[in-house]
Amino acid sequence: MEFAQTEFYLTSSILLSKRIIPCLDVKDGRTVKGINFVDLRDAGDPVELAWQYSNQGADELVFLDITATHEKRKTTIEMVKSVARQINIPFTIGGGISELKDAEALLNAGADKISINSAAVRNPQLIDDLAKAFGVQFVVLAVDTKHLVHGDFVHLNGGRIATELQTQDWIKNAEERGAGEILLTSMDKDGTKSGFDNTLLKQINDMVSIPVIASGGAGSSQDFVDVFKKTDVDAALAASVFHYGEILIPELKQLLKDKNIEIRI
Amino acid sequence: MIGIVNYGAGNIFSLTAALGRLNLNYGMINSEDDFDIYDKIIIPGVGHAGTAMQKLTDTGLVPKIKSLTKPVLGICVGMQLLTGFSEEGNYNLLDILPLKTLRFKELESKKVPHMGWNQISPQKENPLFIGIADETYFYFVHSYYIEFNPNFTIASCNYGIKFSASVQKDNFYGVQFHPEKSGEAGELLLKNFANL
């Protein structure tokens, strides 16, 4: 048996689609924050929302668990199971994961990826351990960054606590340790609806060889066009513009396609 | 009924959930005798190919798997196990398909893992891809790929290099993507497998 000459098939055409990712906040197994889809029976039901988004053409979902107490996290596991049972697109769950066993419980409940943030800042070894145990594809490093006079710095607790970690250094370090993807949220842009932080995103995206998800600042469909044209990030995430129906995913994806951005329709 | 080889390589919750949604009956295969219960076999797999091969070897089911004549579907690493060798840990695998599993090299500016939705080109007449059009998107997550081979590749995909999105040799099928995470197209593929 002769092996095919793989070099012969080298091609420059990359058809990998850019991903559109709605982010849902969940607390005690229920979605929070205003969601106003017209035909929604229960806006607090993560499964129904996930199903709606997946039907609209979302490529992936992120659930951010803001459940305060440890006991209530069992509810989150049940929620993850229900989502996995009924949704046929990949999803990530983040929030409160600080040990291998937290991640394993989520994996076994059907989560495709987990995202870690402050726990990794406190204990960077967690990235190595998770990557080794479950594979790099399972480990998303979420980074909240803010621009200060002397550079970009990692922040914790929704931007309230500054760290001494320079954003670029931390991301490079995390990639070496085994992070499989970076979810970069600009705290300067988050909530402003003035567009993604394309300058920083381009810099980070060019620096790493793992996928980057842009987050923070989405206000219009044009912001998504800009982030993909100007930075070549792999995915863009938003919450409120999708939840409040200000941007409809089918229309957004059509616009991206019309602008010659590779997108799954 | 579909039997899933239970060898501890990765989580199968999403796969069983997808089969459940499609009303396809399934069960777990833990011993040689269990293979007789089912008419279709799935070999799942996530993570390190070498580790997965070690776990599969430890079950003692390898000779039985190699002798199977019923339809078998390897998914992701489960597909890679069907090949002869993987660069991941430089492991010898089941060698059902005379192909190699290679690592994506840093071609141009391509990122590894190859993660996300990519288009495939399936062979039109292949029963696994009935109703699945050319350029349909499927969800991929992998850093290693099976080389393209005109004799065994039944669906191809491009990621800086043309590689096997799906392979077949006789009753052995494999898909690199995750049908259980690939929307309606993925569910159709699972149905097609169940109908082989």
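Attention in this report is confined to the structure presented alongside it. Because the structure is a prediction, the values reported are computed rather than measured. (Residues numbered from 1 in each chain as written. Chains lettered and ligands numbered in written order. Predicted model: local features only at pLDDT ≥ 70, side-chain atom pairs only at ≥ 80, totals over all residues. Heavy atoms only, no water.)

### Re the state of the cysteines
As a reminder of what qualifies: Any two cysteine sulfur atoms lying within 2.5 Å of each other are counted as a disulfide.
Following the criterion strictly, the structure yields zero disulfides over all chains and no others. B:Cys76 provides the cysteine sulfur closest to B:Cys157, a residue in no disulfide bond, and the two sulfurs are 13 Å apart.

### Points about the pairing of strand 7 (residues 151–156) of chain A
Across a regular strand the side chains alternate sides, sitting on one face of the sheet and then on the other. Residue and element names in this part refer to chain A. Formally: Accessibility here uses a 1.4 Å probe with only protein chains present; expressed as a share of the type maximum, an area under 20% marks a residue as buried, one over 50% as exposed, and anything in between as partly exposed. Secondary structure elements follow DSSP: runs of H or I no shorter than four residues count as helices, runs of E no shorter than two count as strands, and numbering proceeds from the N terminus. At least two DSSP bridges between two strands are needed for those strands to be called paired.
Counting buried residues along strand 7, six of its six residues qualify, which places the element largely inside the surrounding structure. Sheet topology places strand 6 (residues 139–148) next to strand 7; five bridges connect them, and they run antiparallel. Residue pairing in the sheet places His147 in a bridge with Asp152 of strand 7. Hairpin connection between strand 6 and strand 7: a loop of two residues separates the two successive antiparallel strands. In the sheet, strand 7 pairs with strand 8 (residues 161–166) via three bridges, with the strands oriented antiparallel. Across the sheet, the residue bridging to Phe153 is Gln166, located in strand 8. Linking strand 7 back to strand 8 in an antiparallel pair, the connection comprises four residues, with Asn157 at a positive phi of about 50°.

### Details of helix 10 (residues 249–258) of chain A
Residues and elements named next belong to chain A. Note the threshold: The reported arc concerns the directions from the helix axis to the C-beta atoms and nothing else. Note on contacts: a residue pair qualifies if any of its non-hydrogen atoms lie within 4.5 Å across the two residues.
Those residues of helix 10 that fall on the buried side of the exposure criterion are Ile249, Leu252, Lys253 and Leu256. On an axial view of helix 10, the arc spanned by its buried residues comes to 95°, and they lie on one face. When the buried face of helix 10 is taken as reference, the exposed residues oriented beyond 90 degrees from it are Glu251 and Asp258. The secondary structure elements touched by the buried residues of helix 10 are strand 1 (19–27), helix 1 (46–56), helix 8 (221–231) and helix 9 (240–243). Directly beyond the C-terminal end of helix 10, a positive phi value near 65° is found at Asn260.

### Considering the packing of helix 1 of chain A against helix 2 (residues 73–86) of chain A
Residue and element names in this part refer to chain A. Just so we agree on the cut-off: Angles here are taken between N-to-C directions and fall from 0 to 180 degrees, while the axes themselves are lines fitted to C-alpha atoms, restricted in helices to the stretch in contact. Put simply, a crossing is left-handed when the front helix is turned counterclockwise from the back one by less than a right angle, and right-handed when it is turned clockwise. Polar here means any residue outside two lists: the nonpolar Ala, Val, Leu, Ile, Met, Phe, Trp, Tyr, Cys and Pro, and the charged Asp, Glu, Lys and Arg; Gly therefore counts as polar.
At a minimum axis distance of 9 Å, the contact between helix 1 and helix 2 shows a crossing angle of 35°. Every pair of crossing elements has a handedness; the one defined by helix 1 and helix 2 is right-handed. From helix 1, Pro46, Val47 and Trp51 reach across to helix 2, where they touch Met79, Ser82, Val83 and Gln86. Here the contact of helix 1 with helix 2 is composed, by residue class, of five nonpolar, two polar and no charged.

### Considerations on the interface of chain A and chain B
Using the following cut-off: The term buried area refers to how much accessible surface (probe radius 1.4 Å) is lost by two components on association, counted for both of them together. Just to be clear on terms, a salt bridge is a Lys or Arg side-chain nitrogen sitting within 4 Å of an Asp or Glu carboxyl oxygen. Polar contact is defined as a pair of N or O atoms within 3.5 Å, subject to the rule that within protein one atom must be able to donate a hydrogen and the other to accept it, and that residues adjacent in sequence are counted only when both atoms are side-chain atoms.
With 46 residues of chain A in contact, the opposing surface of chain B contributes 41 residues. Both sides together, the interface formed by chain A and chain B hides about 3,700 Å², and carbon and sulfur atoms give 61% of it. The interface formed by chain A and chain B contains two salt bridges. Linking chain A with chain B are 15 residue pairs in polar contact (both at pLDDT 80 or more), by the criterion used here. Breaking the side of chain A that touches chain B down by element, the ones donating at least two residues are helix 2 and helix 3 (100–108) of chain A. In terms of residues, the side of chain A that touches chain B owes the most to one element, helix 2 of chain A, which gives four residues. A per-class count over the side of chain A that touches chain B returns 22 nonpolar, 12 polar and 12 charged.

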